[in-house]
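# An overview of the molecular structure
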Amino acid sequence: MGEEVKRTTYSRAHRREYRRKVRLCLDVLETMLARSRFDSDRPLTGMEIECNLVDADYRPAMSNRYVLDAIADPAYQSELGSYNIEFNVPPRALAGPSASNLEAEVRASLNDAENKAGLVGAHIVMIGILPTLMPEHLRDNWMSESRRYAALNDSIFNARGEDIPINISGPEPLSWSAGSIAPESACTSMQLHLQLAPEEFAANWNAAQLLAGPQLALAANSPYFFGHQLWAETRIELFAQSTDTRPEELKVRGVRPRVWFGERWITSVLDLYRENIRYFPPLLPEVSGEDPAAELAAGRVPQLSELRLHNGTVYRWNRPVYDVSETDGVGRPHLRLENRVLPAGPTVIDMLANSAFYYGVLTSLSEAEHPLWHDMSFAAAQANFLDAARRGMDARLHWPGLGEVTPSRLVLDTLLPLAHEGLRHWGVDAGVRDRFLGVIEGRAGTGRNGATWQVSTVRALQESGMTRPAALAEMLRRYCAHMHSNEPVHTWDS
């Protein structure tokens, strides 16, 4: 959910002091990077899974406060919508059988949470956008109880000065107008974290940007919003539009959107933080009592609260994260790369296969003797990402040395071998590699991901005589049954 804030409105003095503190935090971070004062001896991975709640009729259940009380586990937290929760998976190393153990642990935790949610009349669904969500669900009482979310909503609309138009193309184009950031709550994702040494960050971020297109084409799982069939991964465009602080005049003038792919390859993590400060005004100018320069001078680890908060309101698909962990009462700073490309679902094994593919290919690309991004324009990487979001497995992707290629051919012929090699480099057991990457091979070979399954199932149900709303609900019922089976989506029947 992000860190809570103390207020929902801010004065000019707050904003002025916040700007000063953000720049001071950046100076302190630059000093820390020069001194190499970061924890990177034991690289760790982490995962966050955003989920939806539904009732017995597979409609949104606006009950996360009751569900979280029933689950009573700090690993589960609220998210923006009152029909959303988030599951935070503890960080761990990838080596050995760790990923296989993780699969069993995540399934056990989610099954326990599902049983407890059932006690208050709700069920948990892992999916990119809940297909039964309709405009009436986002009119009243849609937001979780949180000052952070209220302040974020107010700040975005104060910046815009008008409602947010939602215009998404696709087979059944949608035009709608939002009077709040409620549509953002529809976008539920799986976020992958990788702890990195500062000197490794730029290569890994560049590799992640390069990989974003094929990664998304494989995993698309959000074809419906408000009953309309739109993009294969509608979540990408919906999230971008629903948090856009720019009125039309600023868009025309080239002001950057807060949901941002970026515009250039980087040479340091500082490039990203500097861009965030240069291009984006504060949304939540919450000022802490910390003097980060004094903390550093005293030999302590600064929290850099203002920099972290500002970074959390710039929604890059691959985002830098500065954090401080406590070990035996001693603060240790570290840097993470947060990958925000993937939707949630459809199953635990699908999500862990997606993560294994990402970590494996990322390692191979970032450590290659000749970096692939030297042969590919940043604009081409962004074009791949957007075409993958629109068309999923039907996208056409540009790749150095191959020209234009389908996601299936790119994955099967080029990226899967890189994934195997990267996971071998991590020391991942062969059986674990084969299990998870076998899922990726099967998905690429069949061309079936969550989005294609959803669309084909709804089409078949409508052809049998169901209305669209009834077909969406029945599709979601079947989706949930398959989700609990933990069989990968490319093996599902209708």
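Residues numbered from 1 in each chain as written. Predicted model: local features only at pLDDT ≥ 70, side-chain atom pairs only at ≥ 80, totals over all residues. Heavy atoms only, no water.

An unreviewed UniProt entry lists the protein chain under the name Glutamate--cysteine ligase, from Mycobacterium helveticum.

### Section: the pairing of strand 7 (residues 189-196)
Counting buried positions over the 8 residues of strand 7 gives 8, a clear majority of the element. Neither face of strand 7 is left uncovered, since the one carrying Ser-189, Gln-191, His-193 and Gln-195 and the one carrying Met-190, Leu-192, Leu-194 and Leu-196 both have all their residues buried. Bridge count for strand 1 (residues 45-54) against strand 7 is 5 bridges, and the pairing is antiparallel. Note that in strand 7 the partner of Glu-48 across the bridge is Gln-191. Alignment of strand 7 against strand 13 (residues 330-343), held across 7 bridges, turns out to be antiparallel. Looking across to strand 13, one finds that Leu-192 is bridged to Asn-339. (Buried < 20%, exposed > 50% of the residue type's maximum accessible area, 1.4 Å probe, protein only. Helix = DSSP H or I, 4+ residues; strand = E, 2+ residues; numbered from the N terminus. Pairing = 2+ DSSP bridges.)

### Some remarks on the layout of surface pockets
Considering only enclosed or pocket space, the second largest pocket measures out at about 290 Å³ in volume. Taken together, 15 residues make up the lining of the second largest pocket; nearest its centre are Pro-43, Glu-200, Glu-367, His-425 and Trp-426. Mapped onto the lining of the second largest pocket, the elements with two or more residues apiece are strand 7, helix 5 (198-219), helix 11 (348-366) and helix 13 (407-426). Tallied by class, residues from the lining of the second largest pocket come to 8 nonpolar, 5 polar and 2 charged. (1 Å grid on protein atoms, 1.4 Å probe; cavity = no way out; pocket = protein on both sides within 12 Å on 5 of 7 lines; lining within 4 Å. Points joined across faces, edges and corners; volume = space filled by probe spheres on them. Nonpolar A, V, L, I, M, F, W, Y, C, P; charged D, E, K, R; others polar.)

### Some details on the packing of helix 5 against helix 11
Look at helix 5 against helix 11: their axes get within 9 Å of each other, and the N-to-C directions meet at 145°. For the pair helix 5 and helix 11, the sense of crossing is right-handed. Here Ala-203, Asn-204, Ala-207, Ala-208, Leu-210, Leu-211, Gln-215, Leu-218 and Ala-219 of helix 5 come into contact with helix 11, specifically with Asn-354, Phe-357, Tyr-358, Val-361, Leu-362, Leu-365 and Ser-366. Of the residues in the contact of helix 5 with helix 11, the class split is 12 nonpolar, 4 polar and no charged. (Axes fitted to C-alpha atoms, helices over the stretch in contact; angles between N-to-C directions. Left-handed = near helix turned anticlockwise from the far one by under 90°. Contact = heavy atoms within 4.5 Å.)

### Details of a nonpolar patch on the surface
Where nonpolar side chains cluster on the molecular surface, the patch consists of Tyr-66, Leu-119 and Val-120 and spans about 330 Å² of accessible area. Its location among the elements puts Leu-119 in the loop between helix 3 (98-118) and strand 4 (123-125). By relative accessible area, Leu-119 is classed as exposed at 70%. (Patch = residues over 30% accessible without salt bridge, like charges linked within 9 Å, V, L, I, M, F, W, Y side chains within 5 Å. Areas by Shrake-Rupley, 256 points an atom, 1.4 Å probe, with all protein chains shown as cover. Salt bridge = Lys/Arg side-chain N within 4 Å of Asp/Glu carboxyl O.)

### A short note on empty space enclosed by the protein
In this structure the tally under the stated criterion is 4 cavities of 30 Å³ or more. Considered as a void within the structure, the largest cavity measures approximately 180 Å³ in volume. Lining the largest cavity are 19 residues, and of these Thr-45, Leu-94, Leu-102, Ser-355 and Tyr-359 sit closest to its centre. Secondary-structure elements contributing two or more residues to the lining of the largest cavity are strand 1, strand 3 (84-92), helix 3, helix 11 and helix 14 (430-446). If you add up the space inside the second largest cavity, you get close to 150 Å³.

### Let's talk about helix 14
Taking 1.5 Å per residue as the helical rise, helix 14 with its 17 residues ought to reach 24 Å, and the 24 Å between its terminal C-alpha atoms agrees with that figure. The largest bend along helix 14 reaches roughly 25° and is located at Leu-437. Of all the positions in helix 14, only Val-432, Arg-433, Phe-436, Leu-437, Val-439, Ile-440, Gly-442, Arg-443 and Ala-444 are classed as buried. Elements that come into contact with the buried residues of helix 14 comprise helix 3, helix 5, helix 11 and helix 13. Positive backbone phi, approximately 70°, marks Gly-447, located one or two places after helix 14. (Expected span 1.5 Å × (residues − 1). Bend = angle between axes of the 7 residues up to and from the residue.)

### Focus: the pattern of salt bridges
Overall, the coordinates contain 29 salt bridges when judged by the stated rule. A salt bridge links Lys-21 to Glu-306; the nearest nitrogen and oxygen atoms lie 2.9 Å apart. In this pair, Lys-21 sits in helix 1 (residues 12-35) while Glu-306 sits in helix 10 (residues 305-311), placing the two residues 285 residues apart along the sequence. Taking the relative accessible area as the measure of exposure, Lys-21 reaches 3% and is therefore buried. For Lys-251, the salt bridge is made with Glu-248, and the minimal N-O distance between the two is 3.3 Å. A residue pair is termed a helical-turn pair when its members lie 3 or 4 positions apart in one helix, as Lys-251 and Glu-248 do in helix 7 (residues 248-252) at 3 residues. When its relative accessible area of 28% is taken as the criterion, Lys-251 is described as partly exposed. A residue is classified by how much of its surface remains accessible, and Glu-248, at 42% relative accessible area, is partly exposed.

### Digging into the environment of Pro-183
Within the secondary structure layout, Pro-183 lies in the loop between strand 6 (174-178) and strand 7. Assessed through its relative accessible area of 1%, Pro-183 is described here as buried. Separated by 240 residues in sequence, Pro-183 and Leu-423 have C-alpha atoms that sit 37 Å apart. Each residue touching Pro-183, except ones within four places of it in the same chain, is listed here: Leu-138, Trp-176, Ala-178, Phe-225, Leu-238 and Ser-242.

### Concerning the state of the cysteines
Applying the stated criterion across every chain yields a total of 0 disulfides. The cysteine Cys-187 is free of any disulfide, with Cys-51 supplying the nearest cysteine sulfur at 15 Å. By relative accessible area, Cys-187 is classed as buried at 9%. (Disulfide = S-S within 2.5 Å.)

### Some remarks on the side chain of Asn-64
Locating Asn-64 in the fold gives a position in helix 2 (residues 64-71). You can call Asn-64 buried: its relative accessible area is 5%. Of the polar contacts made by the side chain of Asn-64, one reaches the backbone oxygen of Gly-81; its length is 3.1 Å. There is a polar contact of 3.0 Å between the side chain of Asn-64 and the backbone oxygen of Asn-84. If near-sequence neighbours (up to four positions away) are discounted, Asn-64 is found in contact with Leu-53, Ser-78, Glu-79, Gly-81, Ser-82, Asn-84, Ile-85 and Ser-144. (Polar contact = N/O pair within 3.5 Å; in protein donor to acceptor, adjacent residues only side chain to side chain.)

### Re the pairing of strand 5 (residues 164-168)
Side chains of strand 5 alternate between two faces, with Ile-164, Ile-166 and Ile-168 buried and Pro-165 and Asn-167 left unburied. Alignment of strand 5 against strand 6, held across 5 bridges, turns out to be antiparallel. Within the sheet, the bridge partner assigned to Asn-167 lies in strand 6 and is Ser-175. Joining the antiparallel neighbours strand 5 and strand 6 is a turn of 5 residues, in which Gly-170 adopts a positive phi near 135°.

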